[in-house]
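Residue strings, one per chain:
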Amino acid sequence: PAAADIQSVRVVGDGELTRITMWADAAVEAEIFLSGDAVPGQILVALDGAQNVSGPPVPVPPATGVSAYGWQSGFLSFTLARPMMVARQLNLPPTGEESRYRIVIDLAAVSQARFRQAAHRNAGSLAQRVQLHMVRSAAAPAPSAASQTAPMGHDVVLEPIRPPRSERYLVVIDPGHGGRDPGAIAASGLREKDVVLQAAHTLKDLLEEAGRYEVRLTRTSDEFIELEDRVTRARNWGADLFISIHADAAANRDVAGASVYTISERGEGRIERESERNDWHIELEDGVSQEVGGILEALTLRETKSNSGYFASLLLPELAEAGPVLRNTHREAGFYVLLAPDVPALLLEMGFLTNGADARRLAGASGRRKAMEAVRDAIDTYFDRQDLVLAEN
């Protein structure tokens, strides 16, 4: 079938909420990517079924947050004047009042940090799409001069699209206690601070084997780190996931098994206070109104809690395969290390040092490795899902 023709493009909005609408004379599938090592960056729309972009150049109102757009290397590229991400995408068929097909993309302003992280995570799927376009272009017959159309837009200046460099997810592992704080102590004298540090190094090695992650530890030796400094380090490093590793203790020595904690409702009430005290502010673009800024911060907090809970749901069955778990395995608490407003976080209790079987399991390298392999597998599944969500959006 003949390729669809993108007949017109319109950009409207105030830069905090912006809508892009494209009209075509036939059905077109759109796949959207974020691009740019330096923000603001670009929104790239790959249009399956479209090869021609016609219609007169249309100036883009500067207040929309989009400075220019143009057809380039198989993409309709929108150069951003400020960092924005896709909030919604619609593919609309013709209706009684509108005879053409429409693609509607709603954008919302975000912080530079959120855009940069999303663009980096999007890099792999964008590179694959660029490669696919190159393969298709090489196989297709050369277009005639009559079929080539000039780029659309107003004062369009676009850099060549290149497959972006591969970016790795940053996982921060927090071995609990340390230094003057030994944590729980087993009857054998085994100390929690030593067990969790060994486990953290094991998990780091397992994650780095795949080459998919950058891994950092809040402490790499027997030193004491304040709780707020552990969270601050994770945020300053740009963590995509934060895991605090501990070993439990109980008065009843029969209690055994691993458990995980995510932030509780009561703990959420501490986030704003501790964020003010430690300057853990969610980065927003300059000029965002107070009302919109409040909405974006609330959305970030909700997304962080949701992702923490989702990771916990992935980790629990892996832990159950690796060893004993508590009956009430997923718990909620207001632990300080779970208070970062914008980093999904989980606290893992590997077992009870006050239980003989758990203590022996965690004292051995094979027992610790089995537990950390469960954590690694859950992390892989978690970021597989992140890759899919970003590719779809």
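What you see is a predicted model; the values in this text were computed from it and never measured.

S.K.: Could you give an account of the packing of aromatic side chains, with specific residues and numbers?
M.R.: Ring pairs (aromatic) are described by centroid distance and by the angle formed between their planes. Under the definition given, this model contains nine aromatic pairs. Ring centres of F33 and F75 lie 6.2 Å apart, and the angle between their planes is 80°; on these two criteria the pair is classed as edge-to-face. Placement of F33 in strand β3 (residues 29-35) and of F75 in strand β7 (residues 75-80) is noted, with a sequence separation of 42 residues between them. Classification of F33 by relative accessible area gives buried; the value is 0%. A relative accessible area of 1% places F75 in the buried class. Ring centres of Y169 and F383 lie 4.0 Å apart, and the angle between their planes is 25°; on these two criteria the pair is classed as stacked. Residue Y169 is found in strand β10 (residues 169-175), and its partner F383 is found in helix α8 (residues 365-392); the two are separated by 214 residues along the sequence. A single burial state applies to Y169 and to F383, both of which are buried. These aromatic residues form a ring-pair network of at least three members: Y169, Y213, Y310, F311, Y382 and F383.

S.K.: Could you give an account of helix α5 (residues 265-278), naming the residues involved and the relevant values?
M.R.: Taking 1.5 Å of rise per residue, 14 residues should cover 20 Å, and α5 covers 20 Å from first to last C-alpha, within 8% of that figure. All of the buried residues in α5 are G267, I271, E274, S275 and N278. Backbone geometry just after α5 places D279 at a positive phi near 60°.

The rules behind the values
Residues numbered from 1 in each chain as written. Predicted model: local features only at pLDDT ≥ 70, side-chain atom pairs only at ≥ 80, totals over all residues. Heavy atoms only, no water. Phe/Tyr/Trp six-rings, centres within 6.5 Å; stacked < 30°, edge-to-face > 60°. Helix = DSSP H or I, 4+ residues; strand = E, 2+ residues; numbered from the N terminus. Buried < 20%, exposed > 50% of the residue type's maximum accessible area, 1.4 Å probe, protein only. Expected span 1.5 Å × (residues − 1).

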